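Structural features, examined
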Amino acid sequence: MDCIFCKIIKGEIPCYKVYENKDFFAFLDIRPLNPGHTLIIPKKHYRWVWDVPNIGEYYKVVRKIARAIKKAFKTDYVVSLIFGEEIEHAHIWLVPRFKNDGHGASIDLKNVKQLSEQEMKNSAKKIIDQLNRGW
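Residues numbered from 1 in each chain as written. Predicted model: local features only at pLDDT ≥ 70, side-chain atom pairs only at ≥ 80, totals over all residues. Heavy atoms only, no water.

1. Overview of the packing of aromatic side chains
Note the following rule: Side-chain rings of Phe, Tyr and Trp (the six-membered ring for Trp) are treated as a pair once their centres are within 6.5 Å; stacked means planes under 30 degrees apart, edge-to-face means over 60, and tilted covers the remaining angles. Two conditions define a charge sitting above a ring: the NZ of Lys or the CZ of Arg must be within 6 Å of the ring centre, and it must be within 35 degrees of the ring normal.
Taken as a whole and judged by the stated rule, the model has seven aromatic pairs. Ring centres of Phe25 and Phe27 lie 5.9 Å apart, and the angle between their planes is 55°; this geometry places the pair in the tilted category. By way of ring pairs, the aromatic residues Phe5, Phe25 and Phe27 are connected into one cluster. The ring of Trp48 carries Arg47 above its face, with NZ or CZ at 3.8 Å from the centroid.

2. Examining the sheet that holds strand E4 (residues 78-82)
Where we set the bar: Two strands form a pair only when DSSP identifies at least two bridges running between them. Under the scheme used here, helices are H or I runs from DSSP no shorter than 4 residues and strands are E runs no shorter than 2 residues, and both carry numbers assigned from the N terminus. For helices, the fitted axis covers only the stretch in contact; all axes are lines through C-alpha atoms, and the angles between them, taken along N-to-C directions, range from 0 to 180 degrees. Should any heavy atoms of two residues lie within 4.5 Å, those residues are counted as being in contact.
Across the sheet, which stays open at both edges, the five strands sit in the order E1-E2-E3-E5-E4 with antiparallel pairing between neighbours. This sheet does not close on itself; its edge strands, each paired only once, are strand E1 (17-20) and E4. Across this sheet, the average inter-strand angle for adjacent strands is 20°, counted without regard to direction. Both strand E2 (residues 24-28) and strand E3 (residues 38-42) contribute to a ladder of five bridges, which runs antiparallel. Paired with Phe27 across the two strands is Leu39, which belongs to E3. Running over the sheet, helix H3 (residues 117-132) touches E1, E2 and E3 and is turned about 30° from E1.

3. So, H3
An α-helix turns once every 3.6 residues. As a result, residues three or four positions apart point the same way. Applicable threshold: A helix is expected to span 1.5 Å multiplied by its residue count minus one.
With 16 residues, H3 extends 22 Å from end C-alpha to end C-alpha; this agrees with the ideal 22 Å at 1.5 Å per step. Each element contacted by the buried residues of H3 is listed here: E1, E2, E3 and helix H2 (55-72). Just downstream of H3, Gly134 is the residue with a positive phi angle, here 105°.

4. Topic: the side chain of His91
Stated precisely, the cut-off is as follows: Any N or O atom pair separated by 3.5 Å or less is treated as a polar contact, with the protein-specific requirement of one donor-capable and one acceptor-capable atom, and with residues adjacent in sequence counted only for side-chain atom pairs.
Tracing the sequence through the fold places His91 in the loop between E4 and strand E5 (92-96). Polar side-chain contacts of His91 include one of 2.7 Å to the side chain of Glu86. Reaching out from His91, the side chain makes a polar contact with the backbone oxygen of His89 at a distance of 2.6 Å. When near neighbours in sequence (up to four residues on either side) are disregarded, His91 contacts Phe5, Leu39, Ile40, Ile41, Val49, Tyr58, Leu81, Ile82, Gly84 and Glu86.

By themselves these figures say nothing about function.
See below:
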């Protein structure tokens, strides 16, 4: 299978990992809409989010990471998005929103931020630190 997300899970493609358990994997998007933009995927390949058999556990992980993002980036506004067209592997986006983040009233998918490697590492560390605190 030539799935980029499966390759990320296997470690064939590097990523800024923020979370992993036996079933799910979370990492920063390399084309972030804001700092902290995180993707949560099942480790097993499923085409759509609704195909994931343990979807309740999936959403528990999403909630845990969303709460960590809120704390890490000091925002109450974290948008969750489900697409699935661009990468054929189930995934959920969590995007923190900030005042004057350039998106307006709703997320502008073309407003990709250019973050340095250090900014990406710092974003991942902030989320990991919050997850380690029990979010």
